[in-house]
Amino acid sequence: MTSNIAHTINRTEQFEEVCSKDFLEFKFGGRGYQDQLNDSIAKTEVLAAVKVERIVVNITSAGGEATMSQELVWVTHNFSFLGGSLGCAEGEKITRAFELAVELNLPICVQCRSGGARMQEGTSSLMQMAKVSVAVQALNEKKLPFISVLCDPTFGGVSASYAMQADVRIAVNPPVKAGATAGEEARIGFAGPAVILNTMCEGNQARFDEQCPTDFQAASFVRDCGQIDMVVDGDQSSVERTVAGIARLLTANLARASDEAAVKDSMLQTLQTAAPESAVEASSGEEKDHTFNYTRSRLIDRPQTQDILQALFSFFVELSGDGKVGRDNCLRGGVGMFRGIACLGLGTYKGHTPTDMQNANYGMPSPHGYRTALRLMQLAEKFHLPVVTLVDTVGAWPTFECEVTGQSEAIATNLTVMAGLKVPIITVLVGEGGSGGALGICMGNSIGMLSGGYFGVISPEGAASILGRYKDDKHKLEQFPKDCQELATAQCIYAHQLQSLGVVDEIIWEEEGDAARETYKNFPKLGARIENFLRQSLLTLLPLTSEQLVQQRYSKYRKLGTFSLLNGEERTRAIESAKQASAGSKKRVADAPAKPSATHSKLVKHLAEEVVLGERSKYRKLAPVPMSVPLAAGPIAAVTAEETAKAAARVSRPAKENSAKYILDTHGPEYLCREWLPKQKRVLVTDTTMRDAHQSLLATRVRTKDVLVGAELASELLADAFSLECWGGATFDVCMRFLDECPWERLRQIRAACPNVCLQMLIRGANAVGYTSYPDNVVEEFVRLAAINGMDVFRIFDCFNILDSMKVSIDAVLKSGKVAEVCICYTGNMLTSSIYNAQYYADLAREIKAAGAHILAVKDMAGLLRPLEVQPLMEALRSAVGEDMPIHFHTHATSSGSLATCMEMARCGCNIIDFATASMADGTSQPSLNAFLAMTEGGARDTGINFMDLEPYDTYWGKVRNDYEPFESGMKSGSARVFDHQIPGGQYSNLLVQCSSMGLQGEQWNAVLDAYRDVNLLFGDIVKVTPSSKVVGDLALYLVLKGLTTKDLIDPITNTAVPEATLLDFPESVVGLMKGDLGFPHRGFPESLTALVLKGNTANKYTTRAGLLLPPVDFEKNIATLSAKFGVPISAEEAMSSLMYPKVFSDYMARIAKLGPLLKLLPTRVYWYAMVAGDAFTFSLSKQQLSDLLITVPAFAADAADTDMFTARLELTRVSAVQRSHRSVVLKVQVQQQGVAGAAVHEEVQQVQVKDTGGVFVFEGPMADPAKPLQELASPMAGIVEKVAVKVGQSVSAGDLLAVVSAMKMEVNVSAPTDGVVASIAVPNVGYRVVEGALLVTLK
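Conventions used here
- Residues numbered from 1 in each chain as written.
- Predicted model: local features only at pLDDT ≥ 70, side-chain atom pairs only at ≥ 80, totals over all residues.
- Heavy atoms only, no water.
- Helix = DSSP H or I, 4+ residues; strand = E, 2+ residues; numbered from the N terminus.
- Buried < 20%, exposed > 50% of the residue type's maximum accessible area, 1.4 Å probe, protein only.
- Contact = heavy atoms within 4.5 Å.
- Pairing = 2+ DSSP bridges.
- Core = buried A, V, L, I, M, F, W, Y, C linked by side-chain atoms within 4.5 Å.
- Salt bridge = Lys/Arg side-chain N within 4 Å of Asp/Glu carboxyl O.
- pLDDT = per-residue confidence, 0-100.
- Phe/Tyr/Trp six-rings, centres within 6.5 Å; stacked < 30°, edge-to-face > 60°.
- Axes fitted to C-alpha atoms, helices over the stretch in contact; angles between N-to-C directions.
- Parallel < 35°, antiparallel > 145°, perpendicular 65-115°, else oblique.
- Nonpolar A, V, L, I, M, F, W, Y, C, P; charged D, E, K, R; others polar.
- Expected span 1.5 Å × (residues − 1).

1. Remarks on the overall build of the chain
The helix and strand inventory of the chain stands at 49 helices and 37 strands. Along the first, second and third principal axes, the C-alpha atoms of the chain reach 125 × 95 × 75 Å. Of all 1340 residues assigned to the chain, the portion counted as buried reaches 53%. Expressed as a percentage of contacts within the chain between residues at least 6 apart in sequence, the contacts between residues at least 24 apart total 75%.

2. Re the pairing of strand β19 (residues 723-728)
Of all 6 residues in β19, 6 are buried, a share of seventy percent or more. In this sheet, β19 lies alongside strand β18 (residues 684-687) in parallel orientation, the contact comprising 2 bridges. Each bridged residue has a counterpart across the sheet, and for Asp687 the counterpart in β19 is Leu724. Bridge count between β19 and strand β20 (residues 758-763): 5 bridges; the pairing is parallel. The partner of Ser723 across the bridge, within β20, is Cys758.

3. Thoughts on the nonpolar core
Note that soluble globular proteins tend to have their nonpolar side chains buried in a common cluster. In this structure, Phe1019 and Leu1189 are the most contacted members of the largest nonpolar core, which totals 231 residues. For this core, the leading source of residues is helix α41 (residues 1028-1042), giving 9 residues. Those residues in contact with Phe1019, other than ones at most four positions away along the chain, are Val1031, Val1032, Leu1035, Val1070, Leu1073, Met1074, Gly1084, Phe1085, Pro1086 and Leu1089. The next biggest cluster of nonpolar side chains, apart from the first, holds 73 residues, and it includes Leu374, Ile411, Met443 and Ala463.

4. What to know about the pattern of salt bridges
Per the stated rule, a full pass over the model turns up 69 salt bridges. Notably, a salt bridge pairs Glu615 with Arg616, separated by 3.8 Å at the nearest N-O pair. Judged by its relative accessible area of 18%, Arg616 is buried. Between Asp1252 and Arg1223 there is a salt bridge, with its nearest N and O atoms 2.6 Å apart. On the criterion of sequence distance, the pair formed by Asp1252 in the loop between β29 (1241-1251) and β30 (1272-1274) and Arg1223 in strand β28 (residues 1222-1233) is long-range, its members being 29 residues apart. Take Asp1252: its relative accessible area is 19%, and that puts it in the buried class. Overall, Arg1223 belongs to the buried group, its relative accessible area being 16%. Look at the salt bridges and you will find they share partners, linking Arg691, Asp692, Glu725, Arg795, Glu821 and Asp914 into a network.

5. Focus: the confidence of the model for the chain
Counting all residues, the mean pLDDT for the chain is 90, and 95% of those residues have values of 70 or more. Predicted confidence is poor over residues 282-288, with pLDDT under 50, and the contacts of this stretch with residues over four places away or in other chains come to 13 contacts.

6. Some thoughts on the packing of aromatic side chains
Inspection of the entire model under this criterion finds 33 aromatic pairs. Taken together, a centroid distance of 6.2 Å and an interplanar angle of 75° make the contact between Phe1019 and Phe1085 edge-to-face. With Phe1019 in helix α40 (residues 1003-1019) and Phe1085 in the loop between α42 (1068-1075) and α43 (1087-1094), this residue pair connects regions lying 66 residues apart in the sequence. Taking the relative accessible area as the measure of exposure, Phe1085 reaches 11% and is therefore buried.

7. Describing the packing of helix α2 (residues 88-104) against helix α4 (residues 128-141)
A pair of packed helices is characterised by two quantities: the angle between their axes and the separation of those axes. With their axes 9 Å apart at the nearest point, α2 and α4 run at an angle of 5° to one another. In terms of axis orientation, α2 runs roughly parallel to α4. Across the interface between the two elements, Cys88, Gly91, Glu92, Ile94, Thr95, Phe98, Ala101 and Val102 from α2 touch Gln128, Lys131, Val132, Ala135, Val136, Ala138 and Leu139 from α4. A class-by-class count of the residues in the contact of α2 with α4 yields 10 nonpolar, 3 polar and 2 charged.

8. A word on the sheet that holds strand β32 (residues 1291-1292)
Reading across from one edge, β30-β37-β35-β32 is the order of the 4 strands in this open sheet, with antiparallel pairing throughout. Lying at the two open borders of the sheet, with one neighbouring strand each, are β30 and β32. Here β30 pairs with strand β37 (residues 1335-1339) via 3 bridges, running antiparallel. What sits directly across from Ala1274, in β37, is Leu1335.

9. Considering helix α13 (residues 367-382)
Counted at 1.5 Å a residue, the expected span for α13 with its 16 residues is 22 Å, and the 23 Å between its end C-alpha atoms agrees. For α13, the tally of buried residues reaches 13 of 16 residues, placing the bulk of the element in the interior.

10. Focus on the pairing of strand β27 (residues 1205-1215)
The buried fraction of β27 amounts to 8 of the 11 residues, a majority that puts the element mostly inside the structure. Sheet topology note: the β27/β28 ladder contains 9 bridges and is antiparallel. Bridging from a neighbouring strand, Leu1210 pairs with Val1229 of β28. Between β27 and β28, which pair antiparallel and follow one another directly, the connecting turn spans 6 residues, one of which, Arg1220, has a positive phi of 50°.

11. With respect to unusual backbone geometry
Each neighbour pair has its own omega, and for Asp152 with Pro153 the value is -5°, a cis peptide bond. Here Pro153 is to be found in strand β7 (residues 146-154). Omega for the peptide link from Thr1026 to Pro1027 comes to 5°, which places this bond in the cis form. Within the element layout of this structure, Pro1027 appears in the loop between α40 and α41. Positive phi, close to 60°, is recorded for Asp740, a residue that is not glycine. Tracing the chain through its elements places Asp740 in the loop between α29 (730-738) and α30 (743-753).

Right, dumping it as structure tokens:
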């Protein structure tokens, strides 16, 4: 139709008498509807927003000949008249237009440009949509074409009624404005953007912009959603030509005569008289000379359906979309003329370039394509258009989206509709005919098939994949193509075979040979044969009535298929014969991989659950971006005995003769500290990387596996260091609490990895490594065990600088023959503080020396000591302890100024200073060791260690740090704010993790920092170091969670408790602090605060050091009790862990019993972030550990010596989609013995079913009623119920403990607010996870 370039239109306006009226006398805001009508009438000089015309379009060709004349009824919306809105007058005029079209037997076009129904006419305007719809249906009954033209804008009630009820829908874009390179698109939709913005997005423009699809409601968007057939650009004349042409095609057959029989006679006459374009014999090419090969159907230069449609159809107009929600680039169709007959053409497009193939889904239709075909076939039936379907598809598009949108239903519906379609269907199998995807448009009354194509239930490759059996990849590469060709013939998928089976009616022969073969660029012979087949089929089918066509189709498909009919006796013989034949036949067994076993080991089960449910699961995309790098592990390879020996040699390094470790082991701690250390001109250094650095930066989460590699490097590169701080403090409980590790095993392994450098730990005086007081004999036993497991230097401190609380530890260390380094915890500003001044520190130092300490440590846990304070401090300390007692300085770099402080300490004669390797330094950690070494190089106090020699150590820890990104403190730089809040560096990152777990982020973190400062002052400005600092943090978090401040506890003016505060349940740690569990500051606590927290109950308050009052522990009895409890032998060290942390140790043992002991062997990235399919890793394990990994321990392992080691390789091979709320996770496990040449590999494939909850915790328990605070007791925070202290029916008094809730390391007691009886308990079990406000206990 592109040659038709000119047209003339004769117009006659209709129904001008119908005019708009203000029948409701509508007014709003002082202005009436009639006023608006008057404005529009004056502006447009018309009395309604719709014009109805009867038009005749005469189209002429470029040569001036008349080629077409088409009469239509044409309706136009006038947007200048109240936005083209639909009112009663407009509805009346449009309805009359449809009635006129029915009366005159004419097509109708409605050109829409409207904002929707007219609100000023109320519900009556809404009902015009229904009114016009009945007129549209009346037109449909008469089988007259209805074409809608959707201009900019078309919205609301117009788009939701007649605009979308048309047989063909055309969108028209506005003309391109002068000077613009591209025009705007027509806007089409129901709810306009403003409506969506103000309703669903609540006026939030940002949310609207985020959710809004690309090109939302633009014409191309609506077309791609399948709701319009085409989008045209151009002026009104081109729109009219397009509409007239489509109307002409749709009416071409019906316009021939007044009844169906006469129409068909006229069509037959046209076919019989029309001269063929070329005369080519249909039988050209003989079957005997033809080679059938299914791969020919895939040649990219073969003629495809789009080429055939273009060659055989004139005036072809594509009609796009399923009319509802989708459009397909593969299965497409339209209307055009074939030999003078208007026909509907459908075909599966492919393409002749890779890009075109990709755009057409590689020739595979989606449900939208099948539904487009359905819509067009129904259109063809309405307008008596014969249907031509051209099939070339490997099958329906196999995607998740296609399954969701109903691929099966779409194909099935097409089959039913084609079975009953009342117009002829002619099918040509052009190339590939794959399964039901091809059949979805392949139910012709007549079927022709190109000789180069195939049609089958499955592709030959698919059949070979199922039925073929191959020894190896080489065999498969050679045999697979042969099997495909054999199976193609065996399945009878070729044209001559299908013709003999009655599936295909005629073979359309293609030319063979390179010289004769035709391509899509030029195929006159093949085109003529296809044309002849279509013409002959039409000549055969057009004489049939609608009923006869359906019956012919029924008969054709009813007789397909070959089968046996057997009577009872014959059936019995057939069964027996089959049994005998089956028993004697040779079965083909596939060399298939092992099937996954539903049985699985503890480790595999844990890994599977972490993959699906893990808090930081890489699979769920919750891991940091750097963790997305695949975990690669090559084929399993045995570790040789030689390699094992080399590894052992690396860790047998003796101490250097002039090193602290050598002096300690050779001469003892007194000589080391009184003789050797004071004589060292150099500054000695302690590396804190393996304890305080990662405690300060990474919430103490670094695993033993990573520490040990660092220890080996330190053994080589830091042999001249005084010590390596690597144990104690928070690392002790975190090992068990968060890392599934034994802290004692960590110590032993570090000692083995680094035998030549002093190991140093942090011990909290009478609190050992816990957060409470213990009997003195427990602290003494702890020190003894630590010493015999490898500890050299014990840094002893008390959180309140009370020497009496440190004395038991000092004496125990002295008894063990190790170094007792005793701390002064530094706080405040000694130049300005009235509490913590030079005299305070000097007196304390004098007491420490008198207690027998070997080394005096200054523990500046928050980094508060400034350079100007160093000289006065050192002078005060030296005046108290003299020059023969070494001073060891520890600080944190939180303020960014601590390196300057360390330089000043060195200048003032400090003997030892703590640092961390640069990649683990600064922030809340220690200052940079590398920087200090470089800055003192060549000076009087040169350390003797070259900073460049530490690069391998520093590089290693930099890589390790990347693996712990989620635990970073979040500090991007130093902050002088530390001088205000005074949070210790080791607490900062842990406190941040606590806040995050409780949902306190952003500005709430600033509130926590302020609360920490205020709580410290509330406590009386105490020394803040573990465990006292933890208590300050607990109360700060508690107050922020409750929305309270310290002023809500103690009135700052009257210094008395606020009445409402007496109802609060304070964290257990705060209660213990006030009671004296940690001892008391030298000035005590404010009495008003103590009374408030203890609720006046001071009977249990300690008046002396708690350790003196606690009964000693019977260690042998404790070990026996624990061994019986856990069912395994418990060592003295493990029993000590239980004494330090009873609940933590119990939970740790339960977790190891559940998950097995191999978690510590996992790579860090697997431990924290799990795996994705394809990830693999290896590790070494002992013979005894094999049963924790394998379902069946192989014989070669059972026969191995108990000391033999094995290499294991684990690979995650699959994580399935969710089925019945579960995912199937499959891991391949391989094991090989080490040190054995050619050792066998044992392989298992283990499968775990994991319920996928989406990783989101949803609390489903009851919530407490805030209106009943005395009856329904609520959880004060989100966390875990650690203890339920009452039973139903139990009487309680005000203040009695009901339950304990914990979050991270903070525990809060829930106490009875009044006397009563326990009516019910809402907690089903200990360990129950709750949210803030969850109901715990009900009192009556």
